[in-house]
Amino acid sequence: MIGRYLALATTCLIATANATIYFQEKFDEGWEDRWTIPTKWRPESEMGEWEHTAGKHHGPDAEDKGIMTKDSMRFYGLSAPFTTPLINKDKKLILQYTVKYETPQECGGAYIKLLPGGDAFDADSFSGDTPYTIMFGPDVCGTTKRTHVILHSEAEESKGENVMITPDIPCQVDTASHQYRLVLHPDQRFEVFVDNHGVRNGRLEDFFPFLKESRTIPDPDASKPEDWVDEMYMDDPESVKPEGYDDMPPEIPDPDASKPEDWDDEEDGEWEPPMVDNPDYHGPWYPEQIRNPDYKGAWEHPMIDNPAFVPNDSLYNVCTEENPCTHVGFELWQVKAGTLFDDIIITDDEFEAMDFGTDTFFSRRDHEKEMKKEEEAINEEKKNQAMADKFKQQMIDSGAAEKMMAEAAARKEAAEAAEAAGEAHEEL
């Protein structure tokens with residue numbers, strides 16, 4: 001058993017030692033020198049400013065900062081080159097970063113992009129039209145609140161398309177920091193984690209429309225048996241419609257109505273009482289429902305291998321030898337500013353990404369929560385004090401306070417008199 005654990009530990013150490021970190025950013029001192037704001041994308045008046053800040057609620061070190069969108073109703077662009085080009089053939093690709101909505105977002109993206117281009121990448125012109133390889137992270141607009149996972153396809157059937165995961169993955173919309181991690185595996189699997197909790201995983205071909213044909217199809221020779229019962233409930237044969245039920249009208253003349261004294265039949269016509277709902281009418285009659293003893297459940301069409309399916313073992317390989325990933329970027333629109341980004345790592349080793357997350361995001365999370373709780377407690381106290389002050393002022397303005405003080409003084413005076421009378425009685 002000890003040997004087994006030693007072997008596992010050795011394997012982990014070797015994996016970490018062989019890890020490649022293609023990009024890592026904690027937005028510490030000098031971050032502006034590593035990133036480029038596009039100057040040719042949009043007019044300066046439409047571009048928002050990035051603020052270097054730890055945010056309102058942060059970790060123990062207030063100097064541990066990220067970057068936050070500062071101006072509402074603005075576009076935001078930013079890109080930076082990798083340390084070394086990324087080609088994920090035969091290896092994992094891990095993209096991880098942290099997002100926090102300091103201000104609840106109404107409509108705006110908080111996703112990150114992996115970009116190709118190499119030396120030809122034009123950082124000054126980086127925009128929403130710039131080709132990308134991966135787009136990953138939260139996007140909120142109205143009722144749409146999703147975590148984007150979009151991959152650039154190199155598969156023949158969808159080559160050049162950006163394919164989106166289906167169904168949508170919900171995103172976090174509160175004002176706490178959250179860590180998002182995407183993992184692409186060489187065995188054609190993917191995983192999405194939020195705060196180290198898995199929120200989606202599976203085979204790429206099952207969740208992304210890379211291929212026109214699916215691996216399996218419904219068996220064309222199979223059909224639901226004629227005697228298959230898929231109705232869970234049935235009419236109770238012992239349930240009988242009451243006699244005369246269909247003769248009962250939905251409305252009846254109002255029994256409490258009476259003909260007005262000034263009603264003239266010759267001028268006004270024959271008086272008729274207004275109609276009201278019939279309290280004895282309960283709508284159309286239906287028999288009672290009981291559990292169907294022959295119910296077999298929903299029939300499932302058996303599946304068979306699709307003869308037209310052509311397997312593709314390189315769907316995961318989005319950063320190719322011909323088109324490696326060389327840059328990372330943010331290209332966003334925000335209705336409300338206040339989205340903070342931090343702790344980016346792009347690597348081929350999950351242990352490296354998780355260790356980085358432990359040293360950054362998870363080292364701050366508890367302290368951030370405590371700061372928020374303290375602020376909420378202070379705000380609640382201020383709210384209660386404001387309500388008390390408002391009530392007190394209303395009492396003063398209405399004269400009720402003086403009356404209450406006079407009544408209290410009278411009660412005190414009566415009590416003191418009663419006490420003095422009692423003492424005099426004892427002396428007698």
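This part is about the state of the cysteines. Tallied over the full model, the rule gives two disulfides. Paired through a disulfide, Cys 107 and Cys 141 show a sulfur-sulfur distance of 2.0 Å. Its torsion about the S-S bond being -85 degrees, the disulfide of Cys 107 and Cys 141 is classed as left-handed. Of this pair, Cys 107 sits in strand β6 (residues 107–109) while Cys 141 sits in strand β8 (residues 134–141), and the two are 34 residues apart along the sequence. Residue class for Cys 107 comes out buried when judged on its relative accessible area of 18%. The side chain of Cys 319 participates in a disulfide bridge whose partner is Cys 325; the two sulfur atoms lie 2.0 Å from each other. Judged by the torsion about the S-S bond (-75 degrees), the Cys 319/Cys 325 disulfide is left-handed. Given a relative accessible area of 0%, Cys 319 falls into the buried group.

Let's shift gears to unusual backbone geometry. In this model, Thr 166 is joined to Pro 167 through a cis peptide bond whose omega is -5 degrees. Its location among the elements puts Pro 167 in the loop between β10 (162–164) and β11 (169–170). Backbone geometry at Met 73 places phi at a positive 55 degrees, although glycine is not the residue there. With respect to the helices and strands, Met 73 occurs in the loop between β3 (66–69) and β4 (74–86).

With that out of the way, let us pick up the environment of Lys 369. Inspection of the secondary structure puts Lys 369 in helix α6 (residues 361–398). For Lys 369, a relative accessible area of 42% corresponds to the partly exposed category. Sequence separation of Lys 369 and His 58 is 311 residues, and the distance between their C-alpha atoms is 8.3 Å.

Counting 62 residues, the largest nonpolar core has Trp 35, Ile 134 and Phe 208 as its most contacted members. Setting aside its immediate chain neighbours within four residues, Phe 208 contacts Val 149, Leu 151, Val 163, Met 164, Ile 165 and Phe 190. By size, the runner-up hydrophobic cluster in this structure holds six residues, among which are Ile 94, Val 183, Phe 193 and Ile 345.

Residue placement: Ile 21 occurs in strand β1 (residues 21–25). As a C-alpha pair, Ile 21 and Glu 352 span 331 residues in sequence and 8.2 Å in three-dimensional space. For Ile 21, the residues in contact, after removing those within four places along its chain, are Thr 83, Ile 345, Ile 346, Thr 347 and Glu 352.

An α-helix turns once every 3.6 residues. As a result, residues three or four positions apart point the same way. Regarding helix α5 (residues 350–359), the residues found buried are Glu 350, Glu 352, Ala 353, Phe 356 and Gly 357. In a view along the axis of α5, the buried residues occupy a sector of 165 degrees, so they form one face of it. If you check the start of α5, you find a side-chain oxygen 3.0 Å away from the backbone N of Phe 351, and it comes from Asp 349.

A few words on the packing of aromatic side chains. Scanning the entire structure with this criterion turns up 20 aromatic pairs. Ring centres 6.4 Å apart and planes at 55 degrees place the aromatic pair Tyr 97 and Phe 330 in the tilted group. With a gap of 233 residues between them, Tyr 97 in strand β5 (residues 93–101) and Phe 330 in strand β21 (residues 325–334) connect regions that are remote in the sequence. Accessibility expressed as a relative area gives 0% for Tyr 97, which makes it buried. Judged by centre distance (5.4 Å) and plane angle (80 degrees), the ring pair of Phe 190 and Phe 208 falls under edge-to-face. With Phe 190 in strand β13 (residues 189–194) and Phe 208 in the loop between α3 (204–207) and β15 (216–218), the pair connects residues that are 18 residues apart, well separated along the chain. For Phe 190, a relative accessible area of 0% puts it in the buried group. Grouping aromatic residues by their ring pairs yields a cluster made of Phe 23, Phe 27, Trp 31, Trp 35, Trp 50, Tyr 76, Phe 82, Tyr 97, Phe 136, Tyr 180, Phe 330 and Phe 341. In this structure, Arg 42 is placed above the aromatic ring of Phe 75, and the distance from its NZ or CZ to the ring centre is 3.7 Å. In this structure, Arg 181 packs its charged tip against the face of Phe 193, placed 4.5 Å from the ring centre.

Thresholds applied
Residues numbered from 1 in each chain as written. Predicted model: local features only at pLDDT ≥ 70, side-chain atom pairs only at ≥ 80, totals over all residues. Heavy atoms only, no water. Disulfide = S-S within 2.5 Å. Helix = DSSP H or I, 4+ residues; strand = E, 2+ residues; numbered from the N terminus. Buried < 20%, exposed > 50% of the residue type's maximum accessible area, 1.4 Å probe, protein only. Core = buried A, V, L, I, M, F, W, Y, C linked by side-chain atoms within 4.5 Å. Contact = heavy atoms within 4.5 Å. Arc of directions from axis to C-beta. Polar contact = N/O pair within 3.5 Å; in protein donor to acceptor, adjacent residues only side chain to side chain. Phe/Tyr/Trp six-rings, centres within 6.5 Å; stacked < 30°, edge-to-face > 60°. Lys NZ or Arg CZ within 6 Å of the ring centre and 35° of its normal.

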